[in-house]
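The chain contents come next:
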Amino acid sequence: MARTEDKDIFEWMDGIDPKELNGLEESDPTGEGVDEAAWVRISRQTFARLDFNKEKEAVPYRKAIRRRWLTAACVAVILCTAFISFLPDARAELKKVLQFIPGFDFVQQNDDPEQTTYVLTKPLDSIGENGKITVDGVLVQGAGGQIALSGDNISAVAVKSAFLVTEQGEFEFKQSNASWGGDGPWQAGYYYEGIIPYKGLDNTFLRFGNTTTGKLHLTKAKTADDLAGFGSSDMRNSIRITGIVTLLDGRSRKVNLLTLLSGRQIINSYGKEPIAEGLQLELADDQAHSLQIKKDTGFTKPSELLFDDPIGADHYRLVIPAIRIVDPEAEHVKVTLPVPEEGTREIHVSSQLAGFPIEFTRVERVNAKSMRIEVNTHFDADQPRSLQNYKLFTKDGVGMSYSTKLNENTWTVESEWLSVEQGQKDISFYIGDPQIVVKGPWVLNDLR
C-alpha cells in the first residue's frame, strides 16, 4: 500500500506546473497521521530522481529535466517542512530569524543566533560646511559595518571617509559608492571591515569631515520569525508586503515597506506615484482621514513613505492597488527589425519576454540617423501580472542609448527612437529587465 501511495505522489509531482507551487510556503503542512517511514522513503526517492547523493554531484543542467527537477525540489522542501514540524528540537535548530535593517530598506536572514546586529532606528540630520547631512542608516554586525549618508550639497561627496566614534574608539568607514544629481542632492555608502565592540553603541557619534553629528542611539535590530512578524502584513498573488512605522521628529512618520522576492527581483514602485491610471496607494489614519505622502526630493525611495500626522493616530491603514517589479535576471531576448529607407512601414514581429507577449507593429525612418519603432506589450492592469515596460541592451548586455514614449494613462511603452546608419537595412537589439505590474490590492489595516 505504501509503495502505491508513493507512486501516486511522484506521478502528481511529474505532472504539476511549478507555478502552482507559488504560495505553498505560506501553507501549514502539519496534520494528523504523517508516517515517518513514508517520509524517509519519499525523500530518498525524491533525491534519487534528482540524481543526487553524497558521493555524486547533481547531473549537469539539461533543459529537458529542468521542470521536473524544480518541481521535485519544491515538493521535497514541502515534505521536509512537514517532517520537521514533528521534531520540535530540529525545528528550533533550523529556525531562521529575519532582521529589519532600517535606513537600508531591507531585511536579512540571521542564521547565527549568537550574532548580534546593531542599527540606527531613525535618520539623523546635521548641518555643517557641506550643507545638510542625513545619517540614513548605520549597521554594525560581526566583523563589519555599513553607513548610508545623504545630503543637499554635492561637495560632501569628496569626503571619502566617515568616522564612527564610540566609547571603544574611532572606526573609519571608507566610501564604497556615491551618486548625485546636478549640484544638489547626493547619497553615498561607507563600509568598515573589522570588529567593532558592541559595548557602548547606544552612545555614539559620526564625524564626517569637519561636521560631527548628534548622538546616534544604535540599538539591536528588530527581529521576527517571518516577514509578517514585523508588522501589518498582507499577501496577494504570492507576494507578501509588510509595513513598519517609525516615529520621526514631531508629528512626522515613516513607513518602510518590506517584501521578499526571489533572485534579484526588486520592487521599483509601490504606487507612491501612480503606476498607471488609478493605481496609486492610499494612506489613512484610524479615523479614516486621508494622509498625504510626501514626494521624494533628490533620489527616489520606492519602499519609504514619509508623511505628517497632525493628530497622532494610534494606527494607520494603507491600501496598495498594485506594485511594479523589475526582474534583471530575465533572459535577454533578441529582436531584429527592418529599417525602411524612408517613410513608414507596417510590420508584425512578435516576441516574448519573461513569458509576456510583445509585438512590434510599425517602423518609421525619422531621418538619416534615427528611426522610430511602435510596440505593443498588451498591458492589462486587470490581469494578475502584466508587462508594462522593458529596457534595450546590446548583445553584450550593455544598456543602449534610446528614447521612449509612454502612454499617458497606462505608462506602458508605445514608441522608441533608435540610432541607425545611412543605408542600414535592419537593426538588432536585445530586450530585458522586464517591468511587471502585479495586481493587488494589499491592505495593511493595522500599521503602527
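Residues numbered from 1 in each chain as written. Predicted model: local features only at pLDDT ≥ 70, side-chain atom pairs only at ≥ 80, totals over all residues. Heavy atoms only, no water.

1. What to know about the overall build of the chain
- Across its full length, the chain carries four helices and 29 strands.
- Here the chain holds 448 residues, and the buried ones make up 41% of them.
- Of the contacts made within the chain by residues no fewer than 6 positions apart, 63% connect residues no fewer than 24 positions apart.
- Total accessible area on the chain stands at roughly 24,800 Å², and carbon and sulfur atoms take up 48% of it. (Helix = DSSP H or I, 4+ residues; strand = E, 2+ residues; numbered from the N terminus. Buried < 20%, exposed > 50% of the residue type's maximum accessible area, 1.4 Å probe, protein only. Contact = heavy atoms within 4.5 Å. Areas by Shrake-Rupley, 256 points an atom, 1.4 Å probe, with all protein chains shown as cover.)

2. Overview of the nonpolar core
- Counting residues in hydrophobic clusters, the biggest one holds 45 residues, and the most contacted among them are Ile 323 and Phe 360.
- The element that contributes the greatest number of residues to this core is strand β29 (residues 426-447), accounting for eight residues.
- Not counting residues within four places of it along the chain, the set of residues in contact with Ile 323 comprises Ile 239, Ile 241, Ile 267, Ser 269, Tyr 270, Ile 275, Ile 436, Val 437, Val 438 and Trp 442.
- Counting 25 residues, the second largest nonpolar core, distinct from the first, contains Ala 188, Tyr 192, Leu 206 and Leu 216. (Core = buried A, V, L, I, M, F, W, Y, C linked by side-chain atoms within 4.5 Å.)

3. Topic: the pattern of salt bridges
- Following the criterion strictly, the structure yields 13 salt bridges and no others.
- Salt-bridge contacts for Asp 446 lead to Arg 448; the nearest nitrogen and oxygen are separated by 2.7 Å.
- Look at Asp 446 and you get partly exposed, because its relative accessible area is 37%.
- By sharing partners, the salt bridges in this structure join Glu 346, Arg 362, Glu 364, Arg 372 and Glu 374 into a single network. (Salt bridge = Lys/Arg side-chain N within 4 Å of Asp/Glu carboxyl O.)

4. A short note on unusual backbone geometry
- Cis geometry is found at the peptide bond from Gly 440 to Pro 441, where omega equals 5°.
- By secondary structure assignment, the location of Pro 441 is in strand β29.
- We note that Asn 237 has phi near 50°; this positive angle belongs to a residue other than glycine.
- Of note, the phi angle at Ala 354 is positive, near 55°, even though the residue is not glycine.
- Topologically, Ala 354 is positioned in the loop between β23 (343-353) and β24 (356-367).

5. Considerations on the packing of aromatic side chains
- All chains considered together, the criterion is met by nine aromatic pairs.
- Ring centres of Phe 171 and Tyr 192 lie 5.7 Å apart, and the angle between their planes is 85°; this geometry places the pair in the edge-to-face category. With a gap of 21 residues between them, Phe 171 in strand β8 (residues 169-180) and Tyr 192 in strand β9 (residues 186-193) connect regions that are remote in the sequence. Each member of the pair Phe 171 and Tyr 192 is classed as buried.
- Joined through ring pairs, the aromatic side chains of Phe 171, Phe 173 and Tyr 192 make up one cluster.
- In this structure, Arg 207 is placed above the aromatic ring of Phe 163, and the distance from its NZ or CZ to the ring centre is 4.4 Å. (Phe/Tyr/Trp six-rings, centres within 6.5 Å; stacked < 30°, edge-to-face > 60°. Lys NZ or Arg CZ within 6 Å of the ring centre and 35° of its normal.)

6. Points about the sheet that holds strand β27 (residues 403-406)
- On the basis of which strands lie adjacent, the open sheet formed by five strands has the order β23-β24-β25-β28-β27 and antiparallel pairing. Among the strands making up the open sheet, the edge pair consists of β23 and β27. Across the sheet, the mean angle separating the axes of adjacent strands is 25° when strand polarity is ignored.
- Bridge analysis of β24 against strand β25 (residues 370-376) gives seven bridges, and the strand direction is antiparallel. (Pairing = 2+ DSSP bridges. Axes fitted to C-alpha atoms, helices over the stretch in contact; angles between N-to-C directions.)

7. Here's the deal with the side chain of Ser 161
- Along the chain, Ser 161 falls in strand β7 (residues 161-166).
- Of note is the side chain of Ser 161, whose polar atom sits 2.7 Å from the side chain of Glu 172.
- Excluding residues that lie within four positions of it along the chain, Ser 161 makes contacts with Glu 172, Phe 173, Lys 174, Tyr 190 and Phe 208. (Polar contact = N/O pair within 3.5 Å; in protein donor to acceptor, adjacent residues only side chain to side chain.)

8. What about the pairing of strand β3 (residues 117-120)?
- The two faces of β3 match: Thr 117 and Val 119 on one face and Tyr 118 and Leu 120 on the other face are all buried.
- In the sheet, β3 pairs with strand β5 (residues 131-141) via three bridges, with the strands oriented antiparallel. Considered in β5, the bridge of Tyr 118 is made with Val 140.
- Bridging between β3 and strand β12 (residues 218-220) involves three bridges; their strand directions are antiparallel. Along β12, the bridge assignment pairs Val 119 with Thr 219.

9. Looking at the environment of Ala 288
- Summarising the element assignment, Ala 288 is placed in the loop between β18 (282-285) and β19 (290-291).
- Looking at Ala 288, the relative accessible area reads 62%, which means it is exposed.
- Separated by 28 residues in the primary sequence, Ala 288 and Tyr 316 have C-alpha atoms spaced 8.5 Å apart.

10. Some details on the environment of Lys 215
- Along the chain, Lys 215 falls in the loop between β11 (211-212) and β12.
- We classify Lys 215 as partly exposed; its relative accessible area is 41%.
- Taking C-alpha positions, Lys 215 is 5.2 Å from Phe 205, a pair spaced 10 residues apart along the chain.
- Each residue touching Lys 215, except ones within four places of it in the same chain, is listed here: Leu 124, Asp 202, Asn 203, Thr 204 and Phe 205.

11. Describing the environment of Ile 275
- Locating Ile 275 in the fold gives a position in the loop between β17 (266-269) and β18.
- Between the C-alpha atoms of Ile 275 and Ala 381, which are 106 residues apart in sequence, the distance is 9.7 Å.

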